[in-house]
Structure formats: C-alpha cells, structure tokens
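# Overview (structure and organization)
These are the residues of each chain, in order.
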Amino acid sequence: SIQINGISPEYDVGKDTLTILAPPPAPFTLETVVEIDPKANTQLSGLYVSDGILCTQCEAEGFRRITYFLDRPDIMCKYRVRVEADSKKYPVLLSNGNEIENGDAGNDRHYRIFEDPFKKPCYLFALVAGDLGHIEDTFTTCSGRSVKLAVWSEHHNVKALDWAMFSLKESMRWDEIAYGREYDLDVYHVVAVSSFNMGAMENKGLNVFNTACVLATKDTATDGDFERVLGVIAHEYFHNWSGNRVTCRDWFQLTLKEGLTVFRDQHFSEEKTSAAAKRIEDVRIMRSAQFSQDASPLKHPIRPESVIKQDNFYTVTVYNKGAEIIRMYRTLLGIETFRTAMDLYFDRHDGQAVTCDDFRQAMADASGKDLTQFEEWYKQAGTPLVTVEHSKKNDGSIILKMKQSNDGQPPLVIPIAAATVSSAGTSSEQVFELNQAEQTFELATDDPEAVPSLLRGFSAPIKLIFEPPLTVEQISILAAYDTDPFCKWDAWQQLSTKVIIDRYNAPADKMPELPSYLIDAFKATLADTEAETRLRAYALALPAYSTLALPIDDLDPSKLCNALDMTRKQLAQASSKELEAVYVSLASAATADAVATDTMYSVEAAGARSLRNACLNYMATLDARPVLAHFDAATCMTDKIAAASLLAGLDPSKENMQHVDPKEKDDRIHAFYQTAKANRDDLVINKWFSIQAMANVDSALQNVRDLMNHPDFSAENPNRFRSLINTFAGANPNQFHNALGYEFITEQIIAVDQINPLVAARLASVFANWRRHEPERRELMRQALSRIQETSNISKDTYEIVTRCLK
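Note that this is a predicted model, so its numbers are computed, not measured.

Cut-offs and rules
- Per chain, residues are indexed from 1 in the order of the written sequence.
- Two thresholds apply to this predicted model, a pLDDT of at least 70 for residue-level local features and 80 or more for giving and counting side-chain atom pairs, whereas whole-chain, interface and lining totals are computed over all residues.
- The side-chain numbers reported here are obtained from all heavy atoms of the structure, hydrogens and water having been left aside.
- At least two DSSP bridges between two strands are needed for those strands to be called paired.
- Only DSSP runs of H or I with at least four residues qualify as helices, and only runs of E with at least two residues qualify as strands; both kinds are numbered from the N terminus onward.
- In what follows, a contact means two residues having at least one pair of non-hydrogen atoms within 4.5 Å.
- An axis is simply a line fitted to the C-alpha atoms; with a helix, the fit covers only the stretch in contact. Between two such axes, the angle follows the N-to-C directions and lies from 0 to 180 degrees.
- Summary of the burial criterion: residues with accessible area below 20% of their type's maximum are buried, those above 50% are exposed, and those between are partly exposed, where the area comes from a 1.4 Å probe applied to protein chains only.
- If you view a crossover with the strands going away from you and the path from the first strand over the helix to the second runs clockwise, you call it right-handed.
- The set of buried Ala, Val, Leu, Ile, Met, Phe, Trp, Tyr and Cys residues whose side-chain atoms join them within 4.5 Å is what this entry labels a nonpolar core.

Let us now look at the sheet that holds strand β15 (residues 200-201). With mixed pairing, five strands are arranged side by side in an open sheet as β12-β13-β14-β16-β15. Two strands bound the open sheet, and with one partner strand each, they are β12 (133-140) and β15. Pairing of strand β13 (residues 146-153) with strand β14 (residues 187-193), which is carried by five bridges, proceeds in the parallel orientation. Each residue of the ladder has a partner; that of W152, found in β14, is V191. With respect to the sheet, helix α1 (residues 162-179) is in contact with β12, β13 and β14, its orientation differing from that of β12 by roughly 20°.

In terms of burial, β13 is largely enclosed, as six of its eight residues are buried. Where β12 and β13 come together, eight bridges link them in antiparallel fashion. Opposite T140, over in β13, you have S146 as the bridge partner. The loop that links β12 with its antiparallel partner β13 comprises five residues; one of these, G144, has a positive phi angle of about 95°. Once the chain exits β13 it traverses α1 before rejoining the sheet at β14, and the crossover so formed is left-handed.

This next bit is on the nonpolar core. Y329, Y345, F359, F374, M402, I745 and F767 are the most contacted members of the largest nonpolar core, which has 239 residues in total. Among the elements that take part in this core, helix α10 (residues 485-505) stands out by supplying 10 residues, more than any other. Among residues more than four places away in sequence, those in contact with Y329 are G334, F338, F359, R360, M363, L371, F374 and Y378. Formed by 16 residues, the second largest nonpolar core is a distinct cluster that contains L54, V81, A85 and C122.

A cis geometry characterises the amide bond from E59 onward to A60, with omega recorded as 5°. Along the chain, the position of A60 falls in the loop between β6 (53-57) and β7 (76-86). A cis amide bond, omega -5°, links E467 with the succeeding residue P468. Note that P468 resides in the loop between β26 (463-467) and α9 (472-481). Positive phi, close to 65°, is recorded for N793, a residue that is not glycine. Topologically, N793 is positioned in the loop between α27 (775-789) and α28 (796-806).

Right under this line is the structure:
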C-alpha cells in the first residue's frame, strides 16, 4: 500500500516501477508497505537469507528489490530504522548507525531502532537479523572517542574472528595516521555470511562480508587468506571516507570510490606485510587479468560510458586499473602534495555525491599542476603501449626515444620511473613524464655496462618494449643487480617468457634445449640468501598462463601448457640439489609461527613458506614422495593446501609417481575433506573442491561433473559454485579448452543464470578472448556464446556480457 501525507493516492505498479499519477506540487511524505520473500531471493541482491540469517546487499541496485525508492547514489538521506522480529529465531538485530532504542514488541517479538546521523545513498543501507555469535573490542580514536567494535558470524565460526578484529583496529589507526581520517560513529559492526556475491560491502557502520574475507585461523586459512582478510577489512573500513562520506554522483563514477579505495588498501597492506611482494602481487593481477580484459571485447575505460547492468562493471579495470591511476597521481605530485590533495578532496566534498572530475580538480588545485590531459586515463579503454628506442652517446649516457600508442587515441600522461643498473650498482631514480606521442629523454651515466631500468615500481599501467630488444645479457644484469623489486622480478619474467614462447613456437621434434642463462638465473635466485624470501619465491615462479597467452595469435592452449610444464620440469632437473637444499633449510623458519599460540600470522614465516612451497612445486615434477611427506608434516593450511594441490594434479602414469601408490594420494585428499567436514569448515571444503577442479589430469572434467553431485555442493552458494565451476574454467586451461569443456561451462552458465545472474555473467566472461584462439576452438567458443545469447529468459546481466563478447 501507498500513502502520501497519510492519504492513499492513485498509482500504477509496473514490472520495475511505481508511478504516482498525481503527486502533490509541494514536498510530501511518501509511505510504502511492501511484502517480499527473502528466502526465495537466490540472486542475493536486496534482502535475502544466508543459512538462516537475514541480510542485505544493496549495491548497486538492491534497495529497489526491498522497496520502491529513488535508487541512485546521489539521492542521500538520513535513515532511522526500526527492526522487529521473532526474538528466538532472530535474537540479533542490526542496522546502520547507532542503536537508540530497543524493547519487547509482544508475542515473543523484540525490536531495535537505529539512527545514522550521516546522509547516505540507499546502496549503503544494511540490515542483519539472525542467531549470531560475535567478539567485541573497543577502539579509541585520535580525538579520544571510544568506538565499540563487533565482528559477527555463525556461532561455530566465532573461533575464527580474531584476525578480522585485529585487522579492523590496524586499519582504523592507520587511516588516522596516513590520511587523517577518523571514524565517526559510536559502533562498527562486521557481519560474515556464507552466501554473498562479492567479497564484502561497506554499509555505513554495518559491513556485511563474505566469510571468505573474515574467517581465518592457522588451520583453515593460508597466508594469502590472512593477507586477503587484512586487505578487505581495510578496504571496507577505508570506504567510510572514500565512498561513504564522499560518494559517487552516478554509477559511471564507480572508480572514484573503488579505484581510490583499492589504492588505499594496497598502500595499507604494503606497510603491514611486504611492500615489495605486495607490489608484485598487484602487478601480477594487472598483467594476468586486467591486461587480458583490455585485450578482449569486454574492455572499457575506468569510467564507462554506457551499461545495461551496473553489476557488470565491478571489474578489474574499474578497481585495479583505477587504483593504478591513483598511484600515478601520487607519483606525479609527490607523496606530500598527494596527501594535501587528498585532504582537500575529503574536506571539500564531505557529505556530497561527486565525480571523477571533482577528484582530479582537487589534485590539480592542491598541486598547482594542470591535469587536464590526465582525464584521458578516465576516457580511454585498452592498455597503452610505450616503445623505447635506446642508444648511447659518446659519454656513455643513454638516450631513450619513447613513443606511446593506444589504438589511435590521444596521448596520455605516463610517468616512467627510470634508473641505470650495472654490476657496480643502481643510479638514483628519476621520473620522466611522457605526455606526447613521441619524446626523448636521457639517463646520464659513464658506466659502459649500464642498462636502462624503466617503469620502476610499475609506475604506470602500460606495456613497455625496447627496440631493439634488450639482450639476454642486459636482462640478466637487471635480474641480478636491479634494486627495484618489480624490475628485478620482471627481468626474470622476461627471461623465462622468452624460453617458454620459443618452445611454444618450435616444432614438436625440434624442441630447443633449456638455455644455460635461465638455469644460471634460477640457481642464482636459489642461492641468494640476502634477498627477501618471498621475492625469491616470486622470481622462481614461471609467468602465469594468462600472461603468456596474451600476445599469442591463434593460441593453442594445450601447446602452451605443455611448454610451461616442460620448462618447469627441466628447471627442476637442472637444479634438483639446490631446490632440495633450500627446501630443507627453510623448514624451521617456515614453521616458526606454528608453535606460537599468540601469533596468527607472521610476515617472516609466510615468506619462508612461500619459498619452500615454490621449491616443492618444482620438486614434485620429479618425485611425488616429498609432496606426501609435506602434506603429513604440515602444521598450517598454507603448507597443507600447497601439498594437497600438488597431490590432486599427480598423474599415476607419470614418472614422478613411480614410487608412490595412487591410493596414498587419494587417501590424503579424502582426509583433507574429512577433517574440514568434521570441523564444519566450509571455506576449507571450498578449497577441497578447488584443488580437484584445477588439477591438470585427463579426468578433470568428469571429476568436476561428479563433484557437482556431492552432497556438499550447492549452485545456490556463490562461494561453493565458484570454487568448483569457475576454478575449472579459469584455472585449468589444459582441460577446459576443448569441445567438452566449452559445452559443460555453457550448460553451467545457462543453469546458474536462473539462480543468480551475477554469478552467471562473471562465468560467461571466460569466453571473452575467444577470437585469440586457433580456428577450431575459436568457432566452438563462438557457438557457445551464441547458444547462451539465444537462450530464452537469459538475464540482462549475462546477455550483456555475451553480446559484448560477440561484437
């Protein structure tokens, strides 16, 4: 029912609209009463049920699924919410803001009233009701205010909430120090639910999280999981200012809050873990996922210009490339000026819904720098290419003639951090501002061995190539002596990429031998005890399949996977003694925090484990016995899952299994599941599904089909569905890229679209780069996309993705 100023007006209700036929000419009060069915809401948008817990997800357009409203981010209101429910079934009632009243509503019901004193758009509305357990703490802000903190989840999960609370307090203190941002309410709630489409949601004072981004203990979470919880807790907290207090005028401005907040959480994680390792991790995501999106029909600017379903633009481009754009502001302006500009942005626009242009203007006003041309980063899709012609002057200085291009679009402002490197050391870093189609720069040096080190720290989200290409000897100098962790790692990536691509292109009967320079660089990394352990682990890792595939035309996935596997095994054969020696030497350091009951996560031990497990990954290609021993000796999930993943991928017919009974492998994988099941650890069960989905064995597809019939599999739970189906499609290229794999994933997209369109649309993007494959696979993927597009009642979410892919 509807009332305006207490009187029922004439109105029409359409499929997606409510139209008041004769609204009053003056301001009025509109009251609506609606009936909805949260249990039937499998889209998990609006108000829905997750394992008996009522919760909400309103971004981007979920509030309209709760009630009629002007559901836009620039419509900002103050909210007063009364929640009433059965007191036994829903003992915990939560909503945004501070609780101002509670009481008995009669008939075994109770109520609570919440008031949020700050204006917010409806996408930040939140409500939670259920039987939940929690932990509490307090935080004293920089002005002396005491804030009550609570982290909630199902009762059996309470033991896994401490790390999230620690991460929250670290985030609150860091944001005060790094950005001068103080929390503004009396309470801060984090609620973890198992059915959630995204990672988390920053609702004002009441964050709702996917359990995968909250729950963490040594027995259930890997080091990567701990770091993810730390980063996502921080991300959602930082949104209190970069997203809530200052929000978006419209959804095309999404990167305004998400790109900025990703940058802020990256900055935080760099300081709380390993800055060098975190930067490399972020670059790996950019190169494997974002560059791949830029090379597909799904490419778009960080500020898109059109959309059918807004949910389809919560992408690695808007988030991660958006963060790189913010990082470039800081590089161009300098750290101190950037902080001044951030203060100006927050102070000028507090309580407003603004645009990316408003942010850019704050950067310009605070720095006095003309940033008009910088807007091109918001308008252009695609990955810019910078070509560098290099030569030397008589005095030894290096001349760099740079040319930029991006499909004929106007020149961008590109900061190129640069230095020279030789065995004698690394020169001082300088930043070249490339803002024309062609420019020439000079690196002064009198060292005849000096090699240019460019794009240091990955100073811009671009591809950079040298003409002529750097020689193997020059790249080896960078790999050995560069002081920039990114450039040092990237040099190793270049060396190994060259070898793998040469093997991919070679006839099967003329496979080139593994070159000595790659073996030497590999062994040098193993021997470099002075370097950070996690950086050594990254240096040992071969490039990701998706990164290698990106520049290949008429891609044959099986051939590329074979080239990768062969290179990995031959490196292991050439360095077997060194790998074993490093593996053994790290045993104590890798388990140092396992016996410390007061330590949930240690940067040092995590680094040792990453290097030790990197060694194990190579060792497993020669002999499976160390993997069995590693699994049995594991004292934390990081080591347990590292071994379990390798076990799942072991092929009984291969040489490395000659001393192992296949039953020994199967028994351990089953034991992994049994332990998780007994402990009600759903996230560990997700891991169990994933390791089998990504196993590069001939039975992989049949294994996945069989697992869909497992009693613990549910297509209605996004975490569980993605752990099996998305993992197979996205992390097992050798088994996915064939007619049967395409048919299977097509079936799953069509089926899950009827349950949860957002999940289906995300999965459909696995076909985005179909045109880059060899003709037979290309045609099969085109047919798969057409079949999805022509399916009756396909959702707008999935229709938009497949239609864009086919353009």
